[in-house]
Amino acid sequence: MSIVILTILVIYVTMIYGPIAAMPVEMFSTQIRYALMSLPYRIGNGRFGRFLPATAFAIVAARLGI
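Along each chain, the written sequence defines residue order, and numbers are assigned to residues from 1. Restriction of local features to residues with pLDDT of at least 70 applies here, the model being predicted, together with a cutoff of 80 or more for giving and counting side-chain atom pairs; totals for whole chains, interfaces and linings are based on all residues. Neither water nor hydrogens contribute to the side-chain values; these are computed over all heavy atoms in the structure.

Caption draft 1: Quick look at the overall build of the protein chain. The secondary structure content of the protein chain amounts to four helices and zero strands. Tracing the protein chain from N to C terminus, the helices and strands come up as α-α-α-α. Atoms counted for the radius of gyration: C-alpha only. Globule rule: 2.2 Å times the number of residues to the power 0.38. For a compact globule of 66 residues, the expected C-alpha radius of gyration is about 11 Å, and the protein chain comes in at 17 Å, more than 25% above that figure. Here the C-alpha coordinates of the protein chain stretch approximately 50 × 25 × 10 Å along the principal axes. The buried label goes to any residue with under 20% of its type's maximum accessible area, the exposed label to any with over 50%, and the partly exposed label to all in between, with areas taken from a 1.4 Å probe on protein chains only. Out of the 66 residues belonging to the protein chain, those deemed buried represent 5%. Helix numbers and strand numbers start at the N terminus; a helix is a DSSP run of H or I with at least 4 residues, a strand a run of E with at least 2.

If you want it as structure tokens, here you go:
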């Protein structure tokens, strides 16, 4: 059952991120897109992506009752 739920969630995520990835391509020229669109992406991944291992560990620990 959890595989079905995860598959549905993956489909929802792809429906959201597909248009989001295509939007800057249509809105900005190549020079602006590469310069200005990569900076927020890198900052966002660096700022929030570093919490992923701690969050995953907390979820597993809570699930196992550690």
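Caption draft 2: Spatial organisation of the environment of Thr55. On the secondary structure map, Thr55 appears in helix H4 (residues 52-64). The class for Thr55 is partly exposed, based on a relative accessible area of 40%. It is 26 Å that separates the C-alpha atoms of Thr55 and Gly18, two residues lying 37 residues apart in sequence. Throughout this description, a polar contact denotes any pair of N or O atoms lying within 3.5 Å of each other; where both atoms belong to protein, one of them has to be capable of donating a hydrogen while the other can accept it, and for residues adjacent in sequence the pair is counted only when both atoms sit in side chains. For Thr55, the side chain forms a polar contact with the main-chain oxygen of Phe51, separated by 2.7 Å.

Caption draft 3: Here's a closer look at a nonpolar patch on the surface. A contiguous nonpolar surface patch, about 1100 Å² in accessible area, is contributed by Met1, Ile3, Val4, Ile5, Leu6, Ile8, Leu9, Ile11, Tyr12 and Met15. Relative accessible area serves as the criterion here: at 77%, Met1 is assigned to the exposed category. The patches reported here contain residues having more than 30% relative accessible area and no salt bridge. Joining distances are 9 Å for like charges and 5 Å for nonpolar side chains (Val, Leu, Ile, Met, Phe, Trp, Tyr). Methods summary: accessible areas were calculated by the Shrake-Rupley approach with a probe of 1.4 Å, and residue burial reflects only the protein chains presented. The salt bridge criterion pairs a side-chain nitrogen of Lys or Arg with a carboxyl oxygen of Asp or Glu, the two atoms within 4 Å.

Caption draft 4: Expanded view of the layout of surface pockets. Space inside the largest pocket adds up to approximately 370 Å³. Considering the residues around the largest pocket, the lining is formed by Tyr17, Ile20, Ala21, Pro24, Arg33, Tyr34, Met37, Ser38 and Tyr41. By residue number, the principal contributor to the lining of the largest pocket is helix H1 (residues 2-27), which donates four residues. Cavity: a set of points on a 1 Å grid over the protein atoms alone where a 1.4 Å probe fits but cannot get out. Pocket: an open set with protein on both sides within 12 Å along at least five of seven lines, its lining residues, like those of a cavity, having an atom within 4 Å of a point. Grid points are joined across faces, edges and corners, and a volume is the space filled by probe spheres set on the points.

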